[in-house]
Amino acid sequence: MKPATESALRAQSNPVHEHPAPIPGLAGAVEDSASGVTTRRWLVSGVVQGVGFRPFVYRLARDHGLRGWVRNCTGQVEIVASGGEPQLQAFGNDLVTRAPAISRPQVQRMEAVPDTGFEDFSILDSETTGTSDIHVPVDYFVCEDCLRELNDPGDRRYRYPFINCTQCGPRYTLIGALPYDRPNTSMAGFALCPDCLREYRDPGHRRFHAEPIACPVCGPGLLLRRGAVELRDTEQALAGCVQALRDGLVVAVKGVGGYHLMCDAANRASVQRLRERKPRPHKPLALLFPDRDDLALLRSLVRLDAGDEQRLRSPERPIVLLATHAFAEAIAPGLAEVGVMLPYSPLHHILIHDFGAPLVATSANISGEPVLTDADMVEQRLSGVAEAFLHHDRPIVRPADDPVYRNINGKPRPLRLGRGSAPAEFRLPVAVAQPVLAVGGHMKNTVCLAWGDRAVLSPHIGDMGTARSLQVFEQLAADLQRLYDVRVERLVCDRHPGYVTSRWARAQGLPVTQVQHHAAHASALIAEGGELDGSASLVFTWDGVGYGDDGTLWGGEALLGAPGNWQRVASMRPFRLPGADKAGREPWRSAVALAWETGADTCARSLIQRAVPDAGERDLAQLLQQAWRKSLNTPQSSAVGRLFDAAAAFTGVCLNASFEGQGPMWLETLATLAMEPVALDLRDGGDGILRTDWQLLAQAMMDDSRTVAERASLFHVSMAEALLQQALAVRAAHGVERVGLCGGVFQNRCLTEACVTRLQQHGFDVRLGERLPVNDAGISFGQVVEYASTRRVRYP
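This one's a predicted model, so the numbers in the text were calculated from it and none came from an experiment.

Asks: Let's hear about the overall build of the protein chain: which residues, and what values?
Replies: Each helix and strand counted, the protein chain has 25 helices and 32 strands in total. Relative to its length of 796 residues, the protein chain is compact, with a C-alpha radius of gyration of 28 Å against a globular reference of 28 Å. Considering only C-alpha atoms, the protein chain reaches an extent of 95 × 70 × 50 Å along its principal axes. For the protein chain, contacts bridging at least 24 residues in sequence account for 71% of all contacts bridging at least 6. Approximately 29600 Å² of the protein chain is accessible, and the part contributed by carbon and sulfur atoms is 49%.

In structure tokens form, the structure reads like this:
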């Protein structure tokens, strides 16, 4: 393939002038008194590159009878237009009010400039010098116009899996550099055919200057590999993929931001084989449904309300967790909801339409790692999982996994940011003094680049325990700096000395600032909206683990104050975890710890024997208890996440977990009964910190005379009541009225809604995250906010 240059694409189109010299701003209007013509210059920032903004400006100027030009600068769009005053006024208003739906223009400057005798209105080559104000566009779902062409047998792009226009298609995952021009994307290697070039040059066409434009003649194609058979014709590859799925095979399918592993959701043998091979024995799988017949098929299998449908059809086209009465055993064992998404790319539309039934569509990766993007790596690393591969030859520059949302307290809340929702931009309430990169935590990691009052959060990377995770982490750290034209001068990391991200930060030769884990959680929540009102907040940061200021493992903390000045005012009675980090995947260890703490040695021994098949032969109970008594490999913890693990183990719901959060998730599903809470003791531990004693609740969880559902319900309502009592005590002492809930534990809808209800009944102003995931995916943004806020005036 011959690479296409920008100048070649511009050639022979409508008049293109040489780059004019930069024009200085003038104080007053510049008008030709003889002709009544005024010339103005606009500088427009925001999301204006990769969204069809220049073609829009071109058509708008022609509509208003203006002359001049438009061009991309480094992250901005510059416009110079000449015409009558009324026409220029209308044009200036329309730049914002009639802008493309996926754009977010902000007029930064408008000034009068001298007229240089423009003959027409044109699009100039991009300018790559000057001040940067870059906003990288996300990947967009296929638009309705392209869908109509995709399904029109008379259209030359009929059933073409890479159809796109200025209003849809990949952006973030194919942009190598800005400005957003075809030579700077992964489409640079595909020279345009005459028909596509004609559309690209036609001001009246929807693909006028659409950089990823392609067709079956000149664009990317598909290849299906099934055993020794290769199908290189795109239509044959599509048919072969659908047949492989109907034959019950697991197929790795390359999408926009990476590969999916797909199989027939109704074929239990296929689903089970996928689970066994990945391996993913219990973790829920996402489902891809056809988008047709008013979602009749989807409605027959899940509970879908108007808000859920709106989120499913939102620009991100995310996975949305929905209540279901079908698929539960195979797709989401132990749960009463399933992750559902609608097709977002032309390829996914074709596949699910041809297959005609729900497909499993889970990330093609080694569990916990970033999604795979490269054909050779997919075939090498997933050869024991996938039985066929559907590749395409449009390179993916960087991965972007599917975003995930869950409806909590009446609103969809992000659990993961990814394709279509990231990179996510935030306005900082306090500007950073120098460009920084915050490297996040360890689980569900993201990175956050910040400069001035801007912060950009990366898509989901994954868990930082593998070489590939570190590779993608380093790629995104470098890519964000290059794309936004920002050079980092400081790194911000978690205080945990063992985190991969913290060790990486210390090895880079840059100044490093450490931020406490739960302070980052709290600051992310409070600063999410971009403003601070000067008042204090009480933020409950409940999760599985975070390195505390005292060297213990925190996770049940209530922090009072504001970003840069958090005071720990309440927590949970601490306990020691046998096996340390192993407790995250072995809930029985948390239960055993609570049992030993309360003198229930017999219960502890029973738990160990049930959880570990050969425990009796090794006398594991005695060995563990001896180590626990001597505080060997038994760090102290106050984590609410571990209390949930303990409850799941005490009730027999989950003794050993195959994925993070399995026990608490299964416990939540069973919490369906109205129960009176166990009143837990709350007192000052002598250090000014209020601590809730969980002992009575742990004993209730050991009570086998209660049903599992009763105990699950009792645990949730009691923890919500414990949180309320802490809030009331802190309000009595400090007068705080605003309460925030953050940390991975608050992904639990049952708990969160019970807390919100109680708090609001007592007059608290309750804050939940809406743009940031409540889990550790928001930590990197919180680290930036904490770093920026450390010099603010402290609360008494």
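Now that the structure is up, let's keep going.
Asks: Quick rundown of the side chain of H348? Include the residues and the values.
Replies: Tracing the backbone shows H348 in helix α11 (residues 346-355). Within the structure, H348 has its side chain in polar contact with the side chain of H260 (distance 3.3 Å). At 2.5 Å, the side chain of H348 forms a polar contact with the side chain of S345. If we ignore the near neighbours within four places in the chain, the residues touching H348 are G255, H260, M262, L288 and P343.

Asks: Any details on the packing of helix α21 (residues 662-670) against helix α23 (residues 708-734)? Residues and values, ideally.
Replies: It is at 8 Å that the axes of α21 and α23 come closest, and there the two elements cross at 105 degrees. Between α21 and α23, the angle is such that the two are roughly perpendicular. Contacts between α21 and α23 involve L667, E668 and L670 from the first element and V708, A709, A712, S713, F715 and H716 from the second. For the contact of α21 with α23, the residue count by class is six nonpolar, two polar and one charged.

Asks: An account of α11 is requested, with residue identities and associated values reported.
Replies: The buried fraction of α11 is high, at eight of 10 residues. For α11, every residue scored as buried is listed here: P346, L347, H348, H349, I350, L351, I352 and F355.

Asks: Can you lay out the nonpolar core for me, pointing to particular residues and giving the numbers?
Replies: Core analysis: the largest hydrophobic core is formed by 88 residues, its most contacted members being L538, F540, W542, F650, M719 and L741. Broken down by element, the residue count for this core peaks at 11 residues, all from α23. In contact with F650, not counting residues within four places along its chain, are A591, L594, A595, C603, L607, A698, M701, M702 and R711. Within the second largest apolar cluster, 73 residues are counted, among which are L147, A400, L480 and A505.

Asks: Talk me through the sheet that holds strand β23 (residues 512-515); I want residue IDs and the actual numbers.
Replies: Ordered in space as β18-β21-β20-β19-β22-β23, the six strands form an open sheet in which the pairing is mixed. Unpaired on one side and paired on the other, β18 (424-427) and β23 mark the two borders of the sheet. Strand-to-strand twist across the sheet, computed as the mean angle between neighbouring axes with direction ignored, equals 20 degrees. Across four bridges, the pairing between strand β22 (residues 490-494) and β23 is parallel. In the strand pairing of β23, V492 is matched with T513.

Asks: Can you break down the pairing of strand β3 (residues 67-72) residue by residue, with the values?
Replies: The buried fraction of β3 is high, at five of six residues. Note: β3 against strand β4 (residues 77-83), six bridges, orientation antiparallel. When the sheet's bridge partners are listed, N72 is paired in β4 with V77. A loop of four residues connects β3 with β4, the two strands running antiparallel in sequence, and G75 in this loop sits at a positive phi of about 95 degrees. Pairing between β3 and strand β6 (residues 121-123): three bridges, direction parallel. From the neighbouring strand, V70 faces β6, where its bridge partner is I123.

Asks: Help me get a handle on the sheet that holds strand β11 (residues 286-288), residues and values and all.
Replies: Here 11 strands make up an open sheet; going across it, the order is β8-β7-β15-β9-β10-β14-β11-β13-β12-β16-β17 and the pairing mixed. Both outer strands of the open sheet, β8 (229-231) and β17 (411-416), are each paired with one neighbouring strand and no more. Strand-to-strand twist in this sheet, taken as the mean axis angle between neighbours without regard to direction, amounts to 30 degrees. As defined by bridge partners, strand β16 (residues 404-408) adjoins β17 across five bridges and the pair is classed as antiparallel. Note that in β17 the partner of Y405 across the bridge is P414. Of the strands in this sheet, β7 (222-226), β8, β9 (251-254), β10 (259-264), β14 (359-363) and β15 (388-392) touch helix α6 (residues 234-246), which is tilted by about 40 degrees from β7. Strand contacts of helix α24 (residues 749-761): β13 (337-341) and β16, with the helix running at about 40 degrees to β16, the strand carrying the most contacts.

Asks: Explain unusual backbone geometry residue by residue, including any values.
Replies: Cis geometry marks the peptide bond from K278 to P279; its omega dihedral reads -20 degrees. Along the polypeptide, P279 turns up in the loop between α7 (268-277) and β11. With a phi angle near 50 degrees, K444 is a residue other than glycine that sits in the positive phi range. Relative to the assigned elements, K444 resides in the loop between β19 (436-438) and β20 (448-451).

About the cut-offs
- Residues numbered from 1 in each chain as written.
- Predicted model: local features only at pLDDT ≥ 70, side-chain atom pairs only at ≥ 80, totals over all residues.
- Heavy atoms only, no water.
- Helix = DSSP H or I, 4+ residues; strand = E, 2+ residues; numbered from the N terminus.
- Rg over C-alpha atoms; globule rule 2.2 N^0.38 Å.
- Contact = heavy atoms within 4.5 Å.
- Areas by Shrake-Rupley, 256 points an atom, 1.4 Å probe, with all protein chains shown as cover.
- Polar contact = N/O pair within 3.5 Å; in protein donor to acceptor, adjacent residues only side chain to side chain.
- Axes fitted to C-alpha atoms, helices over the stretch in contact; angles between N-to-C directions.
- Parallel < 35°, antiparallel > 145°, perpendicular 65-115°, else oblique.
- Nonpolar A, V, L, I, M, F, W, Y, C, P; charged D, E, K, R; others polar.
- Buried < 20%, exposed > 50% of the residue type's maximum accessible area, 1.4 Å probe, protein only.
- Core = buried A, V, L, I, M, F, W, Y, C linked by side-chain atoms within 4.5 Å.
- Pairing = 2+ DSSP bridges.

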